[in-house]
Every structure is written in structure tokens, then in C-alpha cells.
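# Geometric and topological summary
One letter stands for each residue in the lines below.
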Amino acid sequence: MGTTTTPDEWPPDGQFTFDLFISKKYKSFWDAGNIQFTDSIGNLFFRVDRGQSHNSSPHTRRQKLILDASDKTLIRLVRLVKGSWQGCMVSDTEEKELIFSVNRTLNTFTKLEFDIFLGDGHGEGAEADLKMKGSAFRRSCTIYKGNSIVAETSLMYTLGFRKHFIPRKRFRVTIFPGFAELSLVVALVVIFFDNRKFWV
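According to the UniProt record, the Sequence similarities (unreviewed entry) comment for the chain is "Belongs to the LOR family."

With that settled, consider the overall build of the chain. When helices and strands are tallied, the chain shows one helix and 12 strands. When the helices and strands of the chain are placed in sequence order, the string is β-β-β-β-β-β-β-β-β-β-β-β-α. A buried classification covers 44% of the 200 residues belonging to the chain. Long-range contacts, defined here as pairs at least 24 residues apart, represent 36% of the contacts in the chain between residues at least 6 apart. Of the roughly 11500 Å² that the chain leaves accessible, carbon and sulfur atoms contribute 49%.

Located in the positive-phi region is aspartate 71, a residue other than glycine, with phi close to 70 degrees. Located in the positive-phi region is arginine 139, a residue other than glycine, with phi close to 55 degrees. As for its position among the elements, arginine 139 is in the loop between strand 9 (130-135) and strand 10 (140-145).

According to UniProt, the "transmembrane region" (unreviewed entry) feature falls on residues 171-193. Annotation note: span residues 171-193, helix share 48%, strand share 22%, distance between end C-alpha atoms 12 Å.

Counted under the stated rule, the structure contains six salt bridges. Between arginine 172 and aspartate 19 there is a salt bridge, and its shortest N-O distance comes to 3.5 Å. Of the two residues, arginine 172 sits in strand 12 (residues 171-175) while aspartate 19 sits in strand 1 (residues 18-25), which places them 153 residues apart along the sequence. Residue class for aspartate 19 comes out buried when judged on its relative accessible area of 4%. Aspartate 115 is the salt-bridge partner of lysine 131, the closest N and O atoms lying 2.7 Å from each other. Placement of lysine 131 in strand 9 and of aspartate 115 in strand 8 (residues 112-118) is noted, with a sequence separation of 16 residues between them. Overall, aspartate 115 belongs to the buried group, its relative accessible area being 15%. Residues participating in the shared-partner salt-bridge network are Arg47, Asp49 and Asp71.

This part covers the side chain of lysine 64. Mapped onto the fold, lysine 64 is located in strand 4 (residues 63-68). Overall, the relative accessible area of 17% leaves lysine 64 in the buried class. Of note is the side chain of lysine 64, whose polar atom sits 3.4 Å from the side chain of aspartate 194.

With that settled, the discussion passes to the pairing of strand 3 (residues 44-49). Bridge analysis of strand 2 (residues 34-38) against strand 3 gives three bridges, and the strand direction is antiparallel. Note on strand 3: the bridge partner recorded for threonine 38 is leucine 44. With antiparallel pairing between neighbouring strands as the criterion, strand 2 and strand 3 make up a hairpin whose turn holds five residues, including glycine 42 at a positive phi of roughly 95 degrees. Here four bridges tie strand 3 to strand 4, and the two strands are oriented antiparallel to one another. When the sheet's bridge partners are listed, phenylalanine 46 is paired in strand 4 with aspartate 68.

Attention now goes to the environment of glycine 178. Position of glycine 178 among the secondary structure elements: in the loop between strand 12 and helix 1 (182-192). With 29 residues separating them along the chain, glycine 178 and isoleucine 149 place their C-alpha atoms 9.9 Å apart.

What follows covers the pairing of strand 2. Taking burial as the measure, the five residues of strand 2 include five buried ones, the bulk of the element. Of the two faces of strand 2, the one holding Asn34, Gln36 and Thr38 and the one holding Ile35 and Phe37 are both buried throughout. Pairing of strand 1 with strand 2, which is carried by five bridges, proceeds in the antiparallel orientation. Considered in strand 2, the bridge of phenylalanine 21 is made with threonine 38.

Conventions used here
Residues numbered from 1 in each chain as written. Predicted model: local features only at pLDDT ≥ 70, side-chain atom pairs only at ≥ 80, totals over all residues. Heavy atoms only, no water. UniProt positions renumbered as here; feature names shortened; annotations may be inferred. Helix = DSSP H or I, 4+ residues; strand = E, 2+ residues; numbered from the N terminus. Buried < 20%, exposed > 50% of the residue type's maximum accessible area, 1.4 Å probe, protein only. Contact = heavy atoms within 4.5 Å. Areas by Shrake-Rupley, 256 points an atom, 1.4 Å probe, with all protein chains shown as cover. Salt bridge = Lys/Arg side-chain N within 4 Å of Asp/Glu carboxyl O. Polar contact = N/O pair within 3.5 Å; in protein donor to acceptor, adjacent residues only side chain to side chain. Pairing = 2+ DSSP bridges.

Structure below.
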């Protein structure tokens, strides 16, 4: 199991295995809810905002915002076409730079695969910097860098102790040592599970 810490204590060099738990927070019965990423004791690290309203344009409705615990927007996700996304770093609600692009390469009932390109562009035939594979139905998503696993999601019912019981409908993302870009992992997990009806 990963370490328990607070957002301000996240190791900048990614030297520890770290767990975040994914669930949905509702404000009311009619509220669609916001996806949240917390640690095992409920400290909020990130949440996802759909970035839309009833008067939103079609372009805006294709966006998702990754916010930190203080509601500062970190990454703006934009779905370009089905299975294709871009992530931009945000400062004062304005994009600073394109930090990654994602292309879906396989889409079946039981399996999804994506190529992730870091930076502001890639040439034709370029090799992906990261790959993401898994089954959305099983809440199973693994992010790879070469042959190494960067992060993976899994269903969690307990952490081995009754006092740390995790509801069945929550699941976990584990970030492994050597990769410090926690917000990037969160953004990729959100893309992988986009439009899945099992979000709780």
C-alpha cells in the first residue's frame, strides 16, 4: 500500500509508491456530481470539473478541468474527436502550453488502449512516450513508460483493516516510484474512464 500524506507533502521526485482513491461527490439529488481523488483518509488532492453550463458551447462541453485541493485549475482537457484528447497547462484560466496529447488506438467492449505523446507535438510515426491499456468495465487501467508501470487502477474493497474499509464503488490509482507527475496521471485516468456510467 502507498504512503499517506497531504497534497503539500507529495514527494516532488516521485520516490514513493502513492495511492489515491477515486469517487464521486454529490451536492444534491439532481447534481451530476464531481469526480474526486483523495488519499485513504479522505484528504482531497484533485477534483474534476466538467467546465460547462447550460449555455456552454459544443467546444466547452468537450472540456474537463483538473483542479487541485484549493480549486486551482491545473490542466484543461479538451476532447478533439472521439478518442483523441489534448491536455494544456493552465495559468489564470489561460492555457500556457500543450503538455500532452492522447490518441485511442484500440476500443473494444473489454479493452481500451491509448498512446500518449508528451510535449507540444510529435512527428508522423513517432513512438509514444506513454501507453495506457486496460478495461474500463473492470476499472482496470495501467499506464506504461516503456516496459515500466507508471500507475495502475484497481478495485479496492478493504485495505486489510476494518477501520480502513473502502466502499465497493470506490477504486484506487497507485502511482509507482520514479514518476512525479501526479496531476498528469490523474488527467490520463479521467480520459480513460470518460463517459463511463459506473462513476459513483
